[in-house]
Amino acid sequence: MYIPKIPVVDYAVGRSEQLLSETIRKIKDLNEDAQLKAFQADLSSVESIIKFKDSLRQWLLDSNLHCSVQILINNAGILATSPRVTAEGYDQMIGTNYVGAFVLTKLLLPLLENSPVSSKIVNVTSFTHRAVTNLQVDEGTVSGKKFLSSKHYPYAQVYEYSKRKRHILDELVQATLYL
Ligand SMILES: NC(=O)c1ccc[n+]([C@@H]2O[C@H](COP(=O)([O-])OP(=O)(O)OC[C@H]3O[C@@H](n4cnc5c(N)ncnc54)[C@H](OP(=O)(O)O)[C@@H]3O)[C@@H](O)[C@H]2O)c1
């Protein structure tokens, strides 16, 4: 019977190829036996996250490794002090801090569920998620359009909101896994 190898590989996922190479080199300098693989992905782009998921799956298959992920750490996040909108039409902070983490988690769930050992998802949020107070969230807020022509971008509130949503992601995933 053929049993694929269970991967003990650390994945570095980031948007800059140069930073990824530097990170891999620094880890290798500390531990030359480390099994590492870098993938480029922009968390503010759903298209890029889908490409990453496809590349990861293909790489696992090509490497004869068990098709699973044991730990996902959603760390990437930004605090943008001026309004910007992603190519797919989200406020940049909401798109990166929440939508990106949500899509990545959703797309990797089958691989996490396929893990032969108990898998984990770590969502890096912020204590400020508790501070969400008077932000009126509507379509214009999520799309970021509301702030593009406005002189005031309530960046602290948008950041807190995006982090609150990431916190809710924990609850959503738990609910999905225990259905
Ligand atoms: N620093 C704080 O005081 C603090 C407090 C509470 C929570 N946090 C949270 O902790 C996490 C890490 O923050 P940090 O302070 O370490 O910030 P950081 O040094 O700016 O690191 C953020 C990381 O996210 C990556 N990133 C940003 N946008 C991305 C995108 N669109 N696609 C892929 N990667 C992207 C950055 O990649 P690049 O290197 O390519 O820019 C960087 O590696 C964040 O989620 C942040 O909200 C930070």
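In this text, all values refer to a predicted model and were calculated from it rather than measured experimentally. (Residues numbered from 1 in each chain as written. Predicted model: local features only at pLDDT ≥ 70, side-chain atom pairs only at ≥ 80, totals over all residues.)

### Digging into the environment of G77
Mapped onto the elements, G77 comes out in the loop between β3 (71–74) and α3 (92–113). Separated by 28 residues in the primary sequence, G77 and T105 have C-alpha atoms spaced 15 Å apart. Ignoring any residue separated from it by four or fewer positions in sequence, one finds G77 in contact with T96, N97 and V124. (Helix = DSSP H or I, 4+ residues; strand = E, 2+ residues; numbered from the N terminus. Contact = placed C-beta atoms within 7 Å.)

### Observations regarding the site of the ligand
Around the ligand, the structure places 14 residues, and the nearest of them are L43, S44, A76, G77 and S126. Within the shell around the ligand, the residues separate by chemical class into five nonpolar, seven polar and two charged. (Near = placed C-beta within 6 Å. Nonpolar A, V, L, I, M, F, W, Y, C, P; charged D, E, K, R; others polar.)

### Focus: helix α2 (residues 46–62)
With 17 residues, α2 ought to run about 24 Å at 1.5 Å a step, and its terminal C-alpha atoms sit 24 Å apart, in line with that. Looking at the buried positions of α2, the neighbouring elements they touch are β1 (10–14), β2 (36–40) and α3. Immediately downstream of α2, the backbone of N64 shows phi near 60°, a positive value. (Expected span 1.5 Å × (residues − 1).)

### Examining the pairing of β1
In this sheet, β2 lies alongside β1 in parallel orientation, the contact comprising five bridges. The residue bridging Y11 from the neighbouring strand is K37, located in β2. With helix α1 (residues 17–30) bridging β1 and the parallel β2, this β-α-β connection has right-handed handedness. (Pairing = 2+ DSSP bridges. Right-handed = clockwise from strand over helix to strand, strands pointing away.)

Fair warning: the whole summary comes from geometry, so function is off the table for now.
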